[in-house]
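Understanding the architecture of this molecule
Okay, here's what each chain looks like letter by letter:
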Amino acid sequence: MKHFDAIIIGTGQAGPSLAARFAGAGKSVAIIERHKFGGTCVNTGCIPTKTLVASAYAAHVARRGDEYGFAAGDVRVDMKRVKARKDAVSGRSNKGVEEWLRGLENCTVIQGHARFQSSRTILVNDETLEADKIFINVGGRASVPPMPGIQDVPFLTNSSMMDVDFLPGHLVVVGGSYVGLEFGQMYRRFGSEVTIVEKGPRLIGREDEDVSQAVREILEAEGIRFRLNAKCISLLKQGSRIGVGVDCEGGAPEALGTHVLLAVGRTPNTHDLGLERAGVTTDDRGYILVDDQLQTNVPGIWALGDCNGRGAFTHTSYNDYEIVADNLFNADHRRVSDRMTAYALYTDPPLGRCGMTDAEIRKSGRRALTTKYPMSRVSRAFERRDTRLHQNYGGRGNKTDSGRSDSWHRRR
Ligand SMILES: Cc1cc2nc3c(=O)[nH]c(=O)nc-3n(C[C@H](O)[C@H](O)[C@H](O)COP(=O)(O)OP(=O)(O)OC[C@H]3O[C@@H](n4cnc5c(N)ncnc54)[C@H](O)[C@@H]3O)c2cc1C
């Protein structure tokens with residue numbers, strides 16, 4: 001049995017940096033990856049999708065050439081070249097992570113599927129490894145809920161979308177949140193018809209209502225159609241097309257497309273880790289339960305990144321690494337509950353979120369200063385010819401005489 005000071009499972013956004021930290025401190029570390037180095041962000045998430053978003057944005061602006069003083073002619077997107085560009089950008093990062101890890105002194109890189117044998121041992125490729133400290137950074141995958149028809153109809157996820165090198169005639173996206181909206185706008189700009197089906201009454205339900213509404217209006221203005229309140233989503237093959245049913249009464253599908261993308265949330269990769277043999281507990285959705293310093297219920301085992309359910313972003317996973325590393329190597333007392341929420345939705349225009357929503361502030365009863373500033377008053381927006389939200393983005397709170405909507409008021 002090989003012994004290491006630390007074993008890390010997964011090479012997402014936390015594992016590689018942690019491996020480098022152990023290796024740099026002269027400790028022996030093994031890092032195990034079953035698929036592609038760099039995990040979701042590098043291979044099927046942030047990096048490839050933002051590369052595709054950039055191609056879609058370029059096509060969108062080129063189509064509006066007349067408004068800016070140039071003629072781009074008939075803009076047609078070559079999906080094979082778009083995919084090749086995406087593969088090159090994503091491949092560069094994937095290679096970078098692998099080369100970095102393989103070049104680390106004291107670090108053993110193993111390709112294979114890791115499973116716990118006990119709270120101190122891991123089985124990979126028929127070999128047993130042992131360590132006093134084990135770190136789980138296994139991430140997640142697209143959820144595939146058991147909706148009627150799911151077994152009979154081909155569907156895409158964020159992972160299989162990475163292989164698409166053609167233009168779907170009509171993409172029906174199930175899920176009106178971050179992943180669904182980014183893909184929806186991107187494919188609309190590439191030239192597909194796009195319908196987004198959402199079971200809730202509005203898009204990106206965790207945001208404030210006016211934010212959801214603004215995002216919807218922007219996307220509708222680009223020709224994306226929405227079916228909200230889709231309580232009973234089902235899939236049905238209709239000749240060469242795929243129907244997505246949205247109500248419980250059955251009948252004809254409400255949205256008929258050529259391809260369906262499921263973007264209805266994430267599932268942690270914890271079902272095939274042998275957690276029960278280590279005694280590590282999860283919640284009922286499979287997220288590993290951790291304390292404020294990301295330690296599981298079993299001493300000596302930590303869980304970092306998406307698999308602990310305490311964040312779902314690249315920077316939250318990386319911050320998990322920072323918390324664990326500082327606590328272990330610098331005798332610090334960093335806690336995940338000190339982290340401030342921050343993320344973005346990469347539609348165009350993008351949505352940035354830092355801290356609480358208006359609804360959360362109201363619920364908390366705290367005193368808060370809020371302000372709204374419409375793009376129609378932003379000079380730079382005029383210069384870029386992008387004053388979207390002009391009509392509908394009115395003031396919130398008490399307007400002052402200056403017309404600005406800053407206001408101090410107690411949120412109740
Ligand atoms: C379409 C999409 C777009 C996104 N865009 C953004 C964005 O713009 N900005 C942002 O901040 N976040 C974005 N995210 C979220 C971000 O990608 C994730 O939060 C982040 O990658 C999570 O990293 P992680 O460290 O938890 O694990 P992951 O990156 O998921 O890596 C886990 C790794 O563990 C490996 N693994 C799993 N099980 C085992 C096992 N048993 N043995 C060995 N290896 C195993 C996997 O193969 C994988 O490589 C996006 C996600 C998606 C799906």
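Every value quoted in this text rests on a predicted model; they were computed, and no experiment measured them.

Some remarks on the site of the ligand
- Taken together, 38 residues are adjacent to the ligand, and Gln-13, Glu-33, Thr-40, Asp-306 and Ser-317 come closest.
- Within the backbone of Ala-312, an N or O atom sits 3.1 Å from an oxygen atom of the ligand.
- Protein contacts shield 93% of the accessible area of the ligand, which totals 1,000 Å² for the unbound molecule.
- Elements that contribute at least two residues to the shell around the ligand include exactly β2 (29–33), α2 (39–43), α3 (46–63) and α9 (314–329).
- Considered class by class, the residues forming the shell around the ligand number twelve nonpolar, 20 polar and six charged.

As for the pattern of salt bridges
- Applying the stated criterion across every chain, the model contains 26 salt bridges.
- For Glu-67, the salt bridge is made with Arg-385, and the minimal N-O distance between the two is 2.9 Å. Note that Glu-67 is positioned in helix α4 (residues 65–68) and Arg-385 in the loop between α11 (379–383) and β20 (407–410), a separation of 318 residues in sequence.
- Accessibility expressed as a relative area gives 37% for Glu-67, which makes it partly exposed.
- Across the pair Arg-216 and Glu-220 runs a salt bridge whose closest N-O atoms are separated by 3.1 Å. In this pair, Arg-216 and Glu-220 are both assigned in helix α7 (residues 209–221), four residues apart and thus about one turn of the helix distant.
- Looking at Arg-216, the relative accessible area reads 24%, which means it is partly exposed.
- Of the residues examined, Glu-220 reaches a relative accessible area of 34% and is grouped as partly exposed.

Structural notes on α9
- When the terminal C-alpha atoms of α9 are compared, their 22 Å separation across 16 residues agrees well with the 22 Å that a helix rising 1.5 Å per residue should span.
- Each element contacted by the buried residues of α9 is listed here: α1 (15–24), β6 (127–136) and β16 (301–303).
- Looking one or two residues past α9, Ala-331 carries a phi angle of roughly 50°, positive in sign.

Regarding unusual backbone geometry
- Residue Pro-349 is reached from Asp-348 by a cis peptide bond, and omega for that bond is -5°.
- Looking at the secondary structure, you find Pro-349 in the loop between β17 (342–345) and β18 (351–354).
- Despite not being glycine, Asn-106 shows a phi value in the positive range, around 75°.
- Along the chain, Asn-106 turns up in the loop between α5 (79–102) and β3 (107–111).
- Using a relative accessible area of 36% as the deciding quantity, one classes Asn-106 as partly exposed.
- One non-glycine residue with positive phi stands out, namely Asn-125, at about 50°.
- Relative to the helices and strands, Asn-125 resides in the loop between β5 (121–124) and β6.

What to know about the side chain of Asp-208
- Examined against the element boundaries, Asp-208 turns out to sit in the loop between β9 (193–197) and α7.
- Classification of Asp-208 by relative accessible area gives buried; the value is 8%.
- From its side chain, Asp-208 meets the backbone nitrogen of Asp-358 in a polar contact 2.7 Å long.

Regarding the environment of Phe-37
- As for its placement among the helices and strands, Phe-37 is situated in the loop between β2 and α2.
- By relative accessible area, which is 2% here, Phe-37 ends up buried.
- Sequence separation between Phe-37 and Lys-95 is 58 residues; the distance between their C-alpha atoms is 7.5 Å.
- Setting aside residues up to four positions removed in sequence, Phe-37 forms contacts with Thr-11, Val-42, Asn-43, Asn-94, Val-97, Glu-98, Leu-101, Arg-102, Val-109 and Gln-111.

What to know about the sheet that holds strand β11 (residues 234–238)
- The strand order across the open sheet built from three strands is β11-β12-β13, with neighbouring strands paired in antiparallel fashion. In this open sheet, the two edge strands, each paired with only one partner strand, are β11 and β13 (255–257). The mean angle between the axes of side-by-side strands here comes to 25°, regardless of whether they run parallel or antiparallel.
- Bridge count for β11 against strand β12 (residues 241–245) is five bridges, and the pairing is antiparallel. Across the sheet, residue Leu-236 finds its bridge partner in β12, namely Gly-243.

Regarding empty space enclosed by the protein
- This model, assessed by the stated rule, comprises one cavity of 30 Å³ or more.
- Here the largest cavity defines a volume of roughly 50 Å³.
- Taken together, Val-53, Ala-56, Tyr-57, Gln-185, Met-186, Arg-189, Tyr-346, Thr-347 and Asp-348 form the lining of the largest cavity.
- When contributions to the lining of the largest cavity are tallied by element, the ones reaching two or more residues are α3 and α6 (178–190).
- Of the residues that constitute the lining of the largest cavity, the class distribution is five nonpolar, two polar and two charged.

Thoughts on the sheet that holds β9
- Pairing in this open sheet of four strands is parallel, and the strands run β10-β9-β8-β14 from one edge to the other. Sheet topology places β10 (225–227) and β14 (259–262) at the edges, where each strand pairs with a single neighbour. Adjacent strand axes in the sheet meet at a mean angle of 20°, parallel and antiparallel pairs treated alike.
- Along the sheet face, α6 touches β8 (170–174), β9, β10 and β14 and points at about 165° away from the line of β9.

Scoring rules and cut-offs
- Residues numbered from 1 in each chain as written.
- Predicted model: local features only at pLDDT ≥ 70, side-chain atom pairs only at ≥ 80, totals over all residues.
- Heavy atoms only, no water.
- Near = heavy atom within 4 Å.
- Polar contact = N/O pair within 3.5 Å; in protein donor to acceptor, adjacent residues only side chain to side chain.
- Areas by Shrake-Rupley, 256 points an atom, 1.4 Å probe, with all protein chains shown as cover.
- Helix = DSSP H or I, 4+ residues; strand = E, 2+ residues; numbered from the N terminus.
- Nonpolar A, V, L, I, M, F, W, Y, C, P; charged D, E, K, R; others polar.
- Salt bridge = Lys/Arg side-chain N within 4 Å of Asp/Glu carboxyl O.
- Buried < 20%, exposed > 50% of the residue type's maximum accessible area, 1.4 Å probe, protein only.
- Expected span 1.5 Å × (residues − 1).
- Contact = heavy atoms within 4.5 Å.
- Pairing = 2+ DSSP bridges.
- Axes fitted to C-alpha atoms, helices over the stretch in contact; angles between N-to-C directions.
- 1 Å grid on protein atoms, 1.4 Å probe; cavity = no way out; pocket = protein on both sides within 12 Å on 5 of 7 lines; lining within 4 Å.
- Points joined across faces, edges and corners; volume = space filled by probe spheres on them.

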